[in-house]
Amino acid sequence: MLKTEYRDPKTPTTKSTPNLAPSPYWGDEPIWDTHTNVHNPMFDEKGRLWLTARIRTNPNPAFCKAGSKHPSAIAYPKDTSNRQAEVYDPKTKKIAMIDLCFNTHHLNFDDNGTLWFSAGGPYDVIGWLDMKKWDATHDDAASQGWSPFVIDTNGNGKRDIGWTGLKDPTDPTKDKQIMGAPYGINTAPDGSIYGSILGFPGGVIRFDPKTQLSEYYEVPYKNAKTPMSGFSPRGMGISSEGVVWLALASGQAAPSTVDCARGP
């Protein structure tokens, strides 16, 4: 039994979360009491356990926000995050807490030692932690980064400054930000990051760390161009052949037509 830790004594607990409905056994009596709200574990090559876990209250530190010199904050400042990260070392039996500017849900390593995080809800960025840099410095701010999901609408192959925002109409001369918010997340052989997008009909999002541009592929639902029909992906993975697989709420396991071994 591993008891997780939190950094801020004001970290909220599920005990204070309002009940959606009374329990048939306990009524409105709060039973669960967790500050860290741990979600997903992942081992690294050193045998350490990485967790998405809440370590503080939602307001972000200054290095995440507008006015910071952090490269990600200059491009897209973040005011809050609802869950951060921890790492447990079985050799020392100690937990280290890492403050992140973005929401975390699932996590996955790429081949270069970077830990990628999904947000698991209607959130607007993808985030990452350079594990090697963090190991060398324990500098939370310098070891992390994040990016909004931006489509290359004008087709020039780069993420331009001044993209249109989430609520703005599309401008064919500018790039367009979309709400990505992957649930499942995985890394492809070409280094790009794929995530499953919940909802109806849902889809797959691809993020390219080199260009920091995204592409979105919707699950075909009653589409006249294909005989196949499905909806609402949940978990996802990438096979050794480099094909994205989705588990659909419509009852199918769906291999994506996006072959991430060769690109979309």
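So, a few notes on the structure that sits alongside this text. (Residues numbered from 1 in each chain as written. Predicted model: local features only at pLDDT ≥ 70, side-chain atom pairs only at ≥ 80, totals over all residues. Heavy atoms only, no water.)

### Re the overall build of the chain
- A count of helical and extended segments in the chain gives 2 helices and 16 strands.
- A compact globule built from 264 residues would reach a C-alpha radius of gyration of about 18 Å, and the chain, at 19 Å, matches this within 12%.
- With respect to the principal axes defined by its C-alpha atoms, the chain has extents near 55 × 50 × 40 Å.
- In the chain, which comprises 264 residues, the share counted as buried stands at 46%. (Helix = DSSP H or I, 4+ residues; strand = E, 2+ residues; numbered from the N terminus. Rg over C-alpha atoms; globule rule 2.2 N^0.38 Å. Buried < 20%, exposed > 50% of the residue type's maximum accessible area, 1.4 Å probe, protein only.)

### A few points about the nonpolar core
- The biggest cluster of nonpolar side chains holds 22 residues, and the ones touching the most others in it are Trp50, Ile98, Leu100, Leu115, Phe117, Leu129 and Trp146.
- Mapped onto this core, the elements with two or more residues apiece are strand S3 (84-89), strand S5 (107-109), strand S6 (114-117), strand S7 (125-130), helix H2 (131-137) and strand S8 (144-151).
- Judged by nonpolar contacts, the second largest core, of 10 residues, contains Met236, Ile238, Leu248 and Ala254. (Core = buried A, V, L, I, M, F, W, Y, C linked by side-chain atoms within 4.5 Å.)

### A closer look at the layout of surface pockets
- The volume enclosed by the second largest pocket comes to roughly 320 Å³.
- The wall of the second largest pocket is formed by 20 residues, among which Asp110, Asn112, Thr114, Trp116 and Pro209 lie closest to the centre.
- Considering only residue class, the lining of the second largest pocket consists of 6 nonpolar, 9 polar and 5 charged. (1 Å grid on protein atoms, 1.4 Å probe; cavity = no way out; pocket = protein on both sides within 12 Å on 5 of 7 lines; lining within 4 Å. Points joined across faces, edges and corners; volume = space filled by probe spheres on them. Nonpolar A, V, L, I, M, F, W, Y, C, P; charged D, E, K, R; others polar.)

### What about the pattern of salt bridges?
- Throughout the structure, instances matching the rule amount to 8 salt bridges.
- Arginine 7 serves as the salt-bridge partner of aspartate 140, at 3.6 Å between the closest nitrogen and oxygen. A residue pair is termed long-range when its members are at least 10 positions apart, and aspartate 140 in the loop between H2 and S8 and arginine 7 in the segment before strand S1 (41-43) qualify at 133 residues.
- Since its relative accessible area comes to 13%, aspartate 140 is described here as buried.
- Residues joined by salt bridges that share partners form a network here, namely Asp44, Lys46, Arg48 and Asp135. (Salt bridge = Lys/Arg side-chain N within 4 Å of Asp/Glu carboxyl O.)

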